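The residues making up each chain are set out below.
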Amino acid sequence: MLLAVLWLPLNTHAAKNILVFGDSLSAGYGIATEKGWVSLMQQELNRSNAKYNVVNASISGETTVGGRQRIAKSLKQHRPAIVIVELGANDGLRGYSTKDMEKNLDAIISRAKRAGARVLLIGMDIPPNYGATYTKQFRDVYPRLAKKYDIALLPFLLEGVAADQFQPDNLHPVAEAQPLMMRNVMQQLKQLLN
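Residues numbered from 1 in each chain as written. Predicted model: local features only at pLDDT ≥ 70, side-chain atom pairs only at ≥ 80, totals over all residues. Heavy atoms only, no water.

Participant: Could you clarify how one ought to interpret the layout of surface pockets in this entry?
Facilitator: Empty pockets left among the atoms are what a rolling probe the size of a water molecule brings to light. Of the volumes computed, that of the largest pocket is approximately 340 Å³. As for the largest pocket, its lining consists of 21 residues, of which Met-124, Asp-125, Leu-158, Asn-170 and Leu-171 are closest to the centre. If you tally residues by element for the lining of the largest pocket, the top one is helix α5 (residues 89-93), at three residues. Residue classes in the lining of the largest pocket are distributed as 13 nonpolar, six polar and two charged. (1 Å grid on protein atoms, 1.4 Å probe; cavity = no way out; pocket = protein on both sides within 12 Å on 5 of 7 lines; lining within 4 Å. Points joined across faces, edges and corners; volume = space filled by probe spheres on them. Helix = DSSP H or I, 4+ residues; strand = E, 2+ residues; numbered from the N terminus. Nonpolar A, V, L, I, M, F, W, Y, C, P; charged D, E, K, R; others polar.)

Participant: Looking at this structure, how should I read the packing of aromatic side chains?
Facilitator: For any pair of aromatic rings, the description consists of the separation of the ring centres together with the inter-plane angle of the planes. One pass over the structure, following the stated rule, counts two aromatic pairs. With 5.8 Å between their ring centres and 70° between their planes, Phe-138 and Tyr-142 make a pair best called edge-to-face. Taken together, the residues span about one helical turn, with Phe-138 and Tyr-142 both in helix α7 (residues 132-149) at a distance of four residues. (Phe/Tyr/Trp six-rings, centres within 6.5 Å; stacked < 30°, edge-to-face > 60°.)

Participant: Mind showing me how you'd approach the packing of helix α4 (residues 64-78) against helix α6 (residues 98-114) here?
Facilitator: For any two helices packed against each other, the geometry comes down to the angle between their axes and how far apart the axes lie. The N-to-C vectors of α4 and α6 enclose an angle of 10°; their axes lie 8 Å apart at closest approach. If you check the angle between α4 and α6, you find them roughly parallel. Contacts between α4 and α6 involve Thr-64, Val-65, Gly-67, Arg-68, Ile-71, Ala-72 and Leu-75 from the former and Met-101, Lys-103, Asn-104, Leu-105, Ala-107, Ile-108, Arg-111 and Ala-112 from the latter. A breakdown of the residues in the contact of α4 with α6 according to their chemical character gives nine nonpolar, three polar and three charged. (Axes fitted to C-alpha atoms, helices over the stretch in contact; angles between N-to-C directions. Parallel < 35°, antiparallel > 145°, perpendicular 65-115°, else oblique. Contact = heavy atoms within 4.5 Å.)

Participant: Please explain the environment of Leu-180 as it appears in this structure.
Facilitator: Inspection of the secondary structure puts Leu-180 in helix α8 (residues 178-193). Residues Leu-180 and Lys-136, 44 residues apart in the sequence, show an inter-C-alpha distance of 25 Å. Those residues in contact with Leu-180 that sit more than four places away from it in its chain are Glu-159, Gly-160 and Val-161.

Participant: I'm lost on the nonpolar core in this one. Help?
Facilitator: Within the largest apolar cluster, 58 residues are counted, with the highest numbers of intra-cluster contacts made by Ile-18, Trp-37, Met-41, Ile-84, Leu-157 and Leu-189. What Ile-18 contacts, discounting residues up to four positions off in sequence, is Met-41, Leu-45, Tyr-52, Asn-53, Val-54, Val-55, Ile-82, Ile-84, Leu-189 and Leu-193. (Core = buried A, V, L, I, M, F, W, Y, C linked by side-chain atoms within 4.5 Å. Buried < 20%, exposed > 50% of the residue type's maximum accessible area, 1.4 Å probe, protein only.)

Participant: What's the story with the pattern of salt bridges in this structure? I'm lost.
Facilitator: Charged atoms that come close allow side chains of opposite charge to pair. Taken as a whole, this structure holds six salt bridges when the rule is applied. Ionic pairing is found between Glu-44 and Arg-47, a salt bridge with its closest N-O pair at 2.9 Å. Of this pair, Glu-44 and Arg-47 both sit in helix α3 (residues 37-47), separated by three residues, roughly a single helical turn. What makes Glu-44 partly exposed here is its relative accessible area of 27%. Here Arg-144 makes a salt bridge to Glu-102, at a shortest N to O gap of 2.8 Å. Of the two residues, Arg-144 is situated in helix α7 and Glu-102 in helix α6; the sequence distance between them amounts to 42 residues. (Salt bridge = Lys/Arg side-chain N within 4 Å of Asp/Glu carboxyl O.)

Pasting the structure below:
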């Protein structure tokens, strides 16, 4: 009986966290934190009276192998009801093996689901520098994993972001693009909030 009483607050708290587990695109590289899509999503959830607290565990430069190494600690620390996985862009930009990338994302998703969290997978696309075959293999990882685990998928985080809405590195969107990115995520996240 005592264990059940002690466990109750953890479950109650757990039901309120959304863990954003990504790279620089979610960490808000090059812009003020409060202008990033993750902060804007918290504001949107507050406006709609959704009882969720967004925890941003994103790290600039993160790869899927780095995410795989730290997912267990993040799940234990934050006990999320929902995990938004936004990783892979750095693997693609570095030309890493798409098979390894898929194994790492698979492990992250599997771990999150075993912890009882619902998962939203955010897909990425990469410039065609490594050729059409690699680009297709990279792009195909996300829908394949979403289908395998029957999880929500946003095919491309930057859908609709105009070419002139990027910082000088041509990789990271400016603050003006963040509301659109937030809306892209919210479209898929809504189905997990109920």
